[in-house]
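One letter stands for each residue in the lines below.
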Amino acid sequence: MNGQRTFFYQVGTFAVGNRLLDPAMRAGQADPDRANALTSGHRACQGCGEALGARYVLDAAMRATGGKLVVVNATGCLEVFSTPYPETSWRVPWLHSLFGNAPAVAAGAAATLRAQGRDDVRVIGQGGDGGTVDIGFGCLSGMFERNDDVLFVCYDNEAYMNTGVQRSGATPPAARTATTPVVGDRSGNRFGQGKDLPVIAMAHRIPYVATATVADLRDLEAKVAHAMSLHGARYLHVLVPCPLGWGTASGDTVRVARLAVESGLFPVFEAEHGEVTAVRPIRRRVPVADYLRLQTRYRHLFTPTRCDDVLDAIGAVAEDNIRRYGLIEHRDVEHREVSP
Ligand SMILES: Cc1ncc(C[n+]2csc(CCOP(=O)(O)OP(=O)(O)O)c2C)c(N)n1
Ligand code: SF4
Ligand SMILES: [Mg+2]
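Note that the coordinates shown come from a computational prediction; the quantities given were computed from them, not determined experimentally. (Residues numbered from 1 in each chain as written. Chains lettered and ligands numbered in written order. Predicted model: local features only at pLDDT ≥ 70, side-chain atom pairs only at ≥ 80, totals over all residues. Heavy atoms only, no water.)

Enquirer: Looking at this structure, I do not really get the environment of Thr277. What am I missing?
Expert: Considering the arrangement of structural elements, one finds Thr277 in strand E10 (residues 275–279). A relative accessible area of 26% places Thr277 in the partly exposed class. A C-alpha to C-alpha distance of 37 Å links Thr277 and Ser187, two positions 90 residues apart in sequence. (Helix = DSSP H or I, 4+ residues; strand = E, 2+ residues; numbered from the N terminus. Buried < 20%, exposed > 50% of the residue type's maximum accessible area, 1.4 Å probe, protein only.)

See the structure below:
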């Protein structure tokens, strides 16, 4: 690449297979020898963001560890669609834990490997938002507090999807779920603003916390690679749109994830030992309505009449994120460009 300029469109998320690039600059998914950790034939819905996210994450982790990886998976869609007995789509050593104890099982796997002197084998725990922010929260906090050598990945689709789209602690305000219906003047989810687990993880001062989405493959892969270069407790929170639960078109998964970022509703950042070290700036800010309108879980905000008060309240959440993380003009912390 000496003396040759590389343009954004040659290295962006959609250029994953650009074989003109130096191998080191290509995305992991462009590698014909990638692990295919979550291979085809599983039963996820078409356009499932969680399946996409898990594939990116685990292939990147397999690459970073030379294939020496053990994965512990909480109960949820990711486990159910991938392992209908006696079949499996996983091409990694993979354990299914209970719904609520994946971080503890992962910590146990890491301790066992250490006791066997096999520090080269790394451990990832993973689960949905319900398994992470609600029922598994105590085990996860313990894993953070003990600084166990585990990367825990939460695939956040903002509800309990596997059991029929019930509200979780990560469900955002006004979203319609099976347990937060739109009835009369009740406008979907009325419980708080959703649990901010990345910030709670940062409060544990663990070595690494990051957020990402399935809209930016290179960013996600780079964060996994960085996480696997570190030891101790690490946490990655990935926004993964769910066409079934969100009421989005299956072809819109990546677009919806991108709009979540560009509206300011999902800040993408990294933090080390409790301090934000990098943010991904918003390139082209969009109104929150552009993001919400694509999802039938928010249809009641637009029809039969537009709920400007609720839209304004959601817009204020985005505004607050933009201010807190400096997503538009960030001067205090480094902006780490993931692509060269
Ligand atoms: C102790 C316990 N309570 C409830 C369940 C039923 N259950 C299985 S998966 C699930 C929801 C999973 O939601 P989430 O963690 O967000 O993952 P998703 O399916 O959305 O990917 C529930 C309620 C269970 N398996 N165990
Ligand atoms: S319900 Fe949602 S999370 Fe579950 S398989 Fe379907 S798209 Fe994926
Ligand atoms: Mg979920």
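Enquirer: Got a minute to help me understand the packing of aromatic side chains in this structure?
Expert: Each aromatic ring pair is summarised here by two numbers: the centre-to-centre distance and the angle between the ring planes. Evaluation of the coordinates by the stated rule reveals four aromatic pairs. Seen in terms of ring centroids, Phe99 and Tyr160 are 6.0 Å apart; in terms of plane orientation they differ by 70 degrees. Their pairing is edge-to-face. Separated by 61 residues along the polypeptide, Phe99 in the loop between strand E2 (94–96) and helix H4 (102–115) and Tyr160 in the loop between strand E4 (151–156) and strand E5 (182–183) bring together distant segments of the chain. We classify Tyr160 as partly exposed; its relative accessible area is 21%. (Phe/Tyr/Trp six-rings, centres within 6.5 Å; stacked < 30°, edge-to-face > 60°.)

Enquirer: Even after reading the chapter, I still don't get the coordination of the magnesium ion (ligand 3), so can you show me in this structure?
Expert: Ideal donor angles around a metal are set by the shape: a four-donor tetrahedron calls for 109.5 degrees, a six-donor octahedron for 90 or 180 degrees. Those protein atoms acting as donors to the magnesium ion (ligand 3) are Asp129 (OD), Asn157 (OD1) and Ala159 (O), and they sit at 2.0 to 2.1 Å. Along the chain, the residues donating to the magnesium ion (ligand 3) are arranged with the sequence spacing D-x27-N-x1-A. (Donors = N, O, S within 2.8 Å, 3.2 Å for Na, K, Ca; no water.)

Enquirer: When you look at the packing of helix H2 (residues 49–65) against helix H8 (residues 217–229) in this model, what are you seeing that I'm missing?
Expert: Think of two packed helices as two axes; the pair is described by the angle between the axes and how far apart they sit. Interhelical geometry of H2 versus H8 gives an angle of 45 degrees and a closest axis separation of 9 Å. Put simply, H2 runs oblique to H8. Note that H2 runs across H8; the crossing there is right-handed. Listed contacts from H8 to Gly53, Tyr56, Val57, Ala60, Ala61, Ala64 and Thr65 of H2 are Leu217, Leu220, Glu221, Val224, Ala225 and Met228. Within the contact of H2 with H8, the residues separate by chemical class into ten nonpolar, two polar and one charged. (Axes fitted to C-alpha atoms, helices over the stretch in contact; angles between N-to-C directions. Parallel < 35°, antiparallel > 145°, perpendicular 65-115°, else oblique. Left-handed = near helix turned anticlockwise from the far one by under 90°. Contact = heavy atoms within 4.5 Å. Nonpolar A, V, L, I, M, F, W, Y, C, P; charged D, E, K, R; others polar.)

Enquirer: What is the right way to read the pattern of salt bridges from this model?
Expert: Opposite charge on two side chains permits them to pair, given that their charged atoms come into close proximity. Summed over all chains, the structure comprises 17 salt bridges. Taking the shortest distance from any N to any O, the salt bridge between Arg234 and Asp149 comes out at 3.0 Å. Of this pair, Arg234 sits in strand E8 (residues 234–239) while Asp149 sits in the loop between helix H6 (137–145) and E4, and the two are 85 residues apart along the sequence. The exposure class of Arg234 is buried, given its relative accessible area of 0%. For Asp320, the salt bridge goes to Arg323, with nearest N and O atoms at 2.6 Å. Linking Asp320 with Arg323, this pair stays in helix H12 (residues 308–325), spanning three residues, or about one helical turn. Accessibility expressed as a relative area gives 28% for Asp320, which makes it partly exposed. (Salt bridge = Lys/Arg side-chain N within 4 Å of Asp/Glu carboxyl O.)

Enquirer: What exactly am I supposed to notice about H4 here?
Expert: Between its first and last C-alpha atoms H4 spans 20 Å; for 14 residues at 1.5 Å apiece the expected length is 20 Å, and the two agree. Within the sequence span of H4, burial applies to Ala102, Pro103, Ala106, Ala107, Ala109, Ala110 and Leu113. Seen end-on, H4 carries its buried residues on one side only, within an arc spanning 155 degrees. Against the buried residues of H4 lie strand E1 (69–73), strand E3 (122–128), H6 and E4. Gly117 occupies a position one or two residues after H4 and carries a positive phi of about 75 degrees. (Expected span 1.5 Å × (residues − 1). Arc of directions from axis to C-beta.)

Enquirer: What am I meant to see in the site of ligand 2 here?
Expert: As a matter of local geometry, ligand 2 sits amid Ala44, Cys45, Cys48, Glu50, Cys77, Phe81, Asn157, Cys242, Pro243 and Leu244. Residues belonging to the shell around ligand 2 are distributed by class as follows: eight nonpolar, one polar and one charged. (Near = heavy atom within 4 Å.)

Enquirer: Quick question: what am I supposed to make of the packing of H4 against H6 here?
Expert: Look at H4 against H6: their axes get within 7 Å of each other, and the N-to-C directions meet at 35 degrees. Where H4 approaches H6, its residues Pro103, Ala104 and Ala107 are matched on the opposing element by Cys139, Leu140 and Met143. For the contact of H4 with H6, the per-class residue count stands at six nonpolar, no polar and no charged.

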